[in-house]
Each structure stands twice: as C-alpha cells, then as structure tokens.
Amino acid sequence: MQITILKSKDLNSKIKKKIFSLKKQSWKFNISEQKKWFIKNIGKNDQHILLEIKNKLIGYNCLRFNKIGLIKYFLLDTIIVDTNYRFKDIGSLLILYNKILSELNNYYIFLKSNTQTKKFYIKNNFRIISKNHAELFFLYGKKINKITTNKILKHAKVKHSK
C-alpha cells in the first residue's frame, strides 16, 4: 500500500484519469463533466491524498485550502474508496492523513455531508457544528470555539453552496 500527497499543480493527466475513474464508481458525472468541475473548483495548492495498491488507486481524497482572515481551514471536498475495498478502514486511513496535514499546518477541516455518514465522521473525531433536515456540517481541529466555528460555517456555506 502506498500513500501519496500531492498538490493540484503536481497532478499529471494519468493521475487525474485514475481519480476521475474512481469517482465514477459513486458519482453520476461522466469523466468530461468531472474534468470541467475540477478545473473550475480545485486550486493549484489544494491537497490530494492518493492511496494505491499495485498502481491501482483504491482511495482518494481532496482537501481544498480556504482562509477567512487569520483562520485557515481545509474543505474536505471528496473522500472515496474503491467499492472492492470498502469497510476495511481505508476511509479512516485517509482521514488520518487529513488530520496529520491539518495539525502540521494548523488548519481546521470542515465538511458538509449527509446523515448516512454521521457515524464515520464522529468515529474519526469530527464534531457536528450544525445540521438541517438532510445535511450535517462537521469540523475538526484544535482549539475549536464558537467564534471560529461560526466564521468557518458562514464562509463555507456562502463559498461552497450548490
């Protein structure tokens, strides 16, 4: 098993193709639509964590860099595990690398998810900071307080809403 962490600017077309193919297992968007979304939404310094076994991408996740004044956070944008490797703690391994990057850089990690993934994120020490009928908003990081939580939540909802 090999884990690689790359910035967007360091992803070549072969790696991107592997990422888009893996994402196709769970998302309804074709590769062309994924490429367009990637170009529009992913910054050159965003972090990509790739987990491979024998050159096959079996796990992927993207952390998008964001900043509000002095508060820095990653938006956990995508986390996906190959359908043949699910329920083997691969997702938790990816989250562990997220947390290491978060702590090394002194960033928070924010994510929006559906209620079906609640147990996974709570198991991985994320806190629910807000919820509505269909979505949960999670935050991970040191020194989480109400002011920081509200600023990140407000910024993320405006910047990353669909």
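Just above, that's the structure.
Residues numbered from 1 in each chain as written. Predicted model: local features only at pLDDT ≥ 70, side-chain atom pairs only at ≥ 80, totals over all residues. Heavy atoms only, no water.

Colleague: Kindly report on the layout of surface pockets, identifying the contributing residues and their values.
Modeller: Considered as a void within the structure, the largest pocket measures approximately 1,700 Å³ in volume. Around the largest pocket, the lining comprises 46 residues; the ones closest to its centre are Trp27, Asp77, Thr78, Ile79 and Lys112. If you list the elements that add at least two residues to the lining of the largest pocket, you get helix H2 (31-41), strand E4 (71-81), helix H3 (90-105), strand E5 (108-114), helix H4 (118-123), strand E7 (135-140) and helix H5 (146-160). Here the lining of the largest pocket gets seven residues from one element, more than from any other, and that element is E4. Grouping the constituent residues of the lining of the largest pocket by class yields 18 nonpolar, 13 polar and 15 charged. Here the second largest pocket defines a volume of roughly 240 Å³. Lining the second largest pocket are 14 residues; nearest its centre among them are Lys72, Asn106, Tyr107, Tyr108 and Lys142. (1 Å grid on protein atoms, 1.4 Å probe; cavity = no way out; pocket = protein on both sides within 12 Å on 5 of 7 lines; lining within 4 Å. Points joined across faces, edges and corners; volume = space filled by probe spheres on them. Helix = DSSP H or I, 4+ residues; strand = E, 2+ residues; numbered from the N terminus. Nonpolar A, V, L, I, M, F, W, Y, C, P; charged D, E, K, R; others polar.)

Colleague: Describe helix H1 (residues 13-24), naming the residues involved and giving the relevant values.
Modeller: Here H1 contains twelve residues, and its C-alpha end-to-end distance of 16 Å stays within 8% of the 16 Å for a straight helix at 1.5 Å per residue. Every buried residue of H1 is accounted for by Ile19, Phe20, Leu22 and Lys23. All buried residues of H1 fall inside an arc of 160° around its axis, so they share one side. Structural note: H1 exposes Ser13, Lys14 and Lys17 on the side pointing more than 90 degrees away from its buried face. Packing partners of the buried residues in H1 comprise H2, strand E2 (47-53), strand E3 (56-68) and E4. For H1, the side-chain oxygen to backbone nitrogen distance between the N-cap and Lys14 is 3.0 Å, and the N-cap itself is Asn12. (Expected span 1.5 Å × (residues − 1). Buried < 20%, exposed > 50% of the residue type's maximum accessible area, 1.4 Å probe, protein only. Arc of directions from axis to C-beta. Contact = heavy atoms within 4.5 Å. Polar contact = N/O pair within 3.5 Å; in protein donor to acceptor, adjacent residues only side chain to side chain.)

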